[in-house]
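# What the coordinates show
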Amino acid sequence: MPIDLYRIDDRLIHGQVVVGWGQPLNTAFIVLVDDDVATCDWERDLYRMGVPPEMDIFFDTVESAIQNHARYAADPRPGILVTGDIATMRRLAAGVPAIDQVNVGGLHHRGGREERLRYVFLSADDERELRELAASGVTITAQDVPAADRVGLAEILGESAESQK
């Protein structure tokens, strides 16, 4: 079974991922892809504390996630892969053609970002990265929790149907 959810969330692992998505998807493992976290014992320990003991967590850099992806995708248990930013997901997707859908789950307010949805704030660079990811063949939707409606890329970017033609 392939990984059930590829998610971009700048909080990485937190209750919304573990409980909000993990329980409905019956998630057995989470792959956290972040070059800094993967190489920092202290940060890995912090994220481990947010995951229940019955759920496995794996930490990868982008490079190691590309190398390990086939193993994760072949795991018969449901899994979630999360990155903290669009650029990391774009780099990962460039090395893993199997990634065809990405969920934008939370990119929060920071300097230089504008609100697009109540849980998605984007800078000009973020918008460019999303467009590049979509141009590579990845379907991008935003959805903060499973019960919420999925929002397509055009709506995330504030584009009308007319501007898509």
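Summarised in this report is the structure supplied together with it. Every value quoted in this text rests on a predicted model; they were computed, and no experiment measured them. The numbering scheme is per chain: residues are counted from 1 as the chain's sequence reads. Owing to the predicted nature of the model, reporting of local features is limited to residues with pLDDT of at least 70; listing and counting of side-chain atom pairs is limited to 80 or more, with chain, interface and lining totals taken over all residues. To get the side-chain values, take all heavy atoms of the structure and skip hydrogens and water.

The next point concerns the pairing of strand β1 (residues 5-9). In terms of burial, β1 is a largely internal element, five of the five residues being buried. Think of it in three bands: with a 1.4 Å probe and only protein chains considered, a residue is buried below 20% of the maximum accessible area for its type, exposed above 50%, and partly exposed in between. Under the scheme used here, helices are H or I runs from DSSP no shorter than 4 residues and strands are E runs no shorter than 2 residues, and both carry numbers assigned from the N terminus. With burial as the criterion, each face of β1 is covered, one bearing L5, R7 and D9 and the other bearing Y6 and I8. Strands were regarded as paired on the criterion that DSSP finds at least two bridges between them. Bridging between β1 and strand β4 (residues 79-83) involves four bridges; their strand directions are parallel. Paired with R7 across the two strands is V82, which belongs to β4.

Time to look at the environment of P24. As for its position among the elements, P24 is in helix α1 (residues 15-25). Residues P24 and P146, 122 residues apart in the sequence, show an inter-C-alpha distance of 7.8 Å. Pairs of residues are marked as contacts when any of their non-hydrogen atoms sit within 4.5 Å. Each residue touching P24, except ones within four places of it in the same chain, is listed here: V19 and P146.

Looking now at the sheet that holds strand β9 (residues 151-152). What the seven strands build is an open sheet, ordered β3-β2-β4-β1-β5-β8-β9; its pairing is mixed. Across the chains shown, the open sheet's two edge strands, defined by having one partner strand only, are β3 (56-60) and β9. The pairing of strand β2 (residues 29-33) with β4 spans five bridges and is parallel. Across the sheet, the residue bridging to F29 is G79, located in β4. Orientation is described by lines fitted to C-alpha atoms, with helices fitted over the stretch in contact, and by angles between N-to-C directions that extend from 0 to 180 degrees. Lying over the sheet, helix α2 (residues 41-49) contacts β2 and β3, oriented at roughly 150° with respect to β3.

Right, let's get into the packing of helix α4 (residues 86-95) against helix α5 (residues 124-135). Relative to each other, α4 and α5 sit at 20°, their axes nearing to 9 Å. As summarised for this structure, α4 and α5 are arranged roughly parallel, according to the angle between their axes. Relative to α5, the crossing made by α4 is left-handed. For the pair α4 and α5, the contacting residues are I86, A87, M89, R90 and A93 in the first and D126, E129, L130, E132 and L133 in the second. Polar here means any residue outside two lists: the nonpolar Ala, Val, Leu, Ile, Met, Phe, Trp, Tyr, Cys and Pro, and the charged Asp, Glu, Lys and Arg; Gly therefore counts as polar. When its residues are assigned to classes, the contact of α4 with α5 shows six nonpolar, no polar and four charged. An angle below 35 degrees is treated as roughly parallel, one above 145 as roughly antiparallel, one from 65 to 115 as roughly perpendicular, and anything else as oblique. Two helices crossing with the near one rotated counterclockwise from the far one by less than a right angle form a left-handed crossing, whereas a clockwise rotation gives a right-handed crossing.

This part takes up the pairing of strand β8 (residues 139-142). Across four bridges, strand β5 (residues 101-106) lies against β8 in parallel orientation. Within the sheet, the bridge partner assigned to V104 lies in β8 and is A142. Here β8 runs beside β9; their pairing, made up of two bridges, is antiparallel. Bridge pairing links A142 to V151 in β9.

Take α5 next. When the terminal C-alpha atoms of α5 are compared, their 16 Å separation across 12 residues agrees well with the 16 Å that a helix rising 1.5 Å per residue should span. Among the residues of α5, D126, E127, E129, L130 and L133 are the ones counted as buried. The arc that holds the buried residues of α5, viewed along the axis, is 160°, so those residues lie on one side. Among the exposed residues of α5, those pointing more than 90 degrees away from its buried face are A124, D125 and A135. The elements touched by buried residues of α5 are α4, β5, β6 (114-117), β7 (120-122), β8 and α6 (153-156). Directly beyond the C-terminal end of α5, a positive phi value near 105° is found at G137. Expected span, for any helix, means 1.5 Å times one less than how many residues it has. Of all possible arcs, the one meant is that of the directions from the helix axis to the C-beta atoms.

Here a ring pair, both rings aromatic, is described through the centre-centre distance and the interplanar angle of the planes. Ring pairs shown here join Phe, Tyr and Trp side chains whose ring centres sit within 6.5 Å, with only the six-membered ring taken for Trp; geometry is labelled stacked below 30 degrees between planes, edge-to-face above 60, and tilted in between. For the structure shown, the criterion picks out three aromatic pairs. Relative to F58, the ring of F29 has its centre 6.0 Å away and its plane inclined at 70°; by these criteria the two rings are edge-to-face. With F29 in strand β2 and F58 in strand β3, this residue pair connects regions lying 29 residues apart in the sequence. Of the residues examined, F29 reaches a relative accessible area of 0% and is grouped as buried. One aromatic cluster is present, formed by F29, F58 and Y72 through successive ring pairs. Whether a charge sits over a ring depends on NZ of Lys or CZ of Arg being within 6 Å of the ring centre and within 35 degrees of the ring normal. Residue placement shows R71 over the ring face of F58; its charged tip is 5.8 Å from the ring centre.

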